[in-house]
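Below, each chain spelled out in residue letters.
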Amino acid sequence: MIDTPKDLYDGVILDHSKEPRNFGPLTNPSHYADGRNPICGDEIAVFLQTKGDAFSAFAFSGQGCAISKASASLMTEDLRNRPTEQAKERAIEILQALGQEVNGDPFERYGDLGALTAVRRYPARLKCATLAWHTFLAALAGEATASTEKPK
Ligand code: ZN
């Protein structure tokens, strides 16, 4: 695993990496995907249970660096109460925002997710932050796997 620069350990990142929310596999998910970021060694699995156009359960498991875990935890909190289609649009929006220029959008409107902004200064860590979101989109699309090294 790659060492994390100190200023990436923002309070929110530290909190979510130490005490990840919605952590642990679901036994019978309606949607599931395994995500890997081979560059850092992060592995994140996303488990979803949909009910109509909503999520009745939304969880992740896996192991990896603080950034990958915190991003996954923040993602579950941000998406789990949204309608499925809106959650998909939100994930695409966040992925685009993470890929923006360092001095671009300050991310303030994303609340706690704004803590992920710091990774934009460290391109090597970007994939740690985006892994969970790619994995969520793969799960929702019915794909079993996602990799930061095979963008669609
Ligand atoms: Zn990582």
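The preceding data block contains the structure.
From a predicted model like this one, the values you see are computed outputs, not experimental measurements.

> Would you mind showing me how to read unusual backbone geometry here?
Residues apart from glycine generally show negative phi values, whereas peptide bonds are mostly found in trans. Positive phi, normally seen in glycine, also occurs at Asn-22, with a value near 55°. Counting through the fold element by element, Asn-22 comes out in the loop between helix H1 (11–18) and strand S1 (31–37).

> Sorry, what's going on with the side chain of Asp-78 here?
By the element assignment, Asp-78 lies in helix H2 (residues 66–79). Overall, Asp-78 belongs to the buried group, its relative accessible area being 17%. In terms of polar contacts, Asp-78 uses its side chain to reach the side chain of Arg-90, at 2.7 Å. Asp-78 has contacts with Arg-90, Leu-113 and Trp-133, leaving out every residue within four places of it along the chain.

> Explanation requested: H2 in the structure shown.
Every α-helix winds through 3.6 residues per turn, so residues three or four apart in the chain are directed the same way. Between its terminal C-alpha atoms H2 stretches 20 Å, which fits the 20 Å expected from 14 residues at 1.5 Å a residue. Along H2, twelve of the 14 residues are buried, which leaves the element largely enclosed by surrounding structure. Among all positions of H2, only Ala-66, Ile-67, Ser-68, Ala-70, Ser-71, Ala-72, Ser-73, Leu-74, Met-75, Thr-76, Asp-78 and Leu-79 are buried. Packed against the buried residues of H2 are H1, strand S2 (42–51), strand S3 (54–63), helix H3 (84–98) and helix H4 (123–140).

About the criteria used
- Residues numbered from 1 in each chain as written.
- Predicted model: local features only at pLDDT ≥ 70, side-chain atom pairs only at ≥ 80, totals over all residues.
- Heavy atoms only, no water.
- Helix = DSSP H or I, 4+ residues; strand = E, 2+ residues; numbered from the N terminus.
- Buried < 20%, exposed > 50% of the residue type's maximum accessible area, 1.4 Å probe, protein only.
- Polar contact = N/O pair within 3.5 Å; in protein donor to acceptor, adjacent residues only side chain to side chain.
- Contact = heavy atoms within 4.5 Å.
- Expected span 1.5 Å × (residues − 1).

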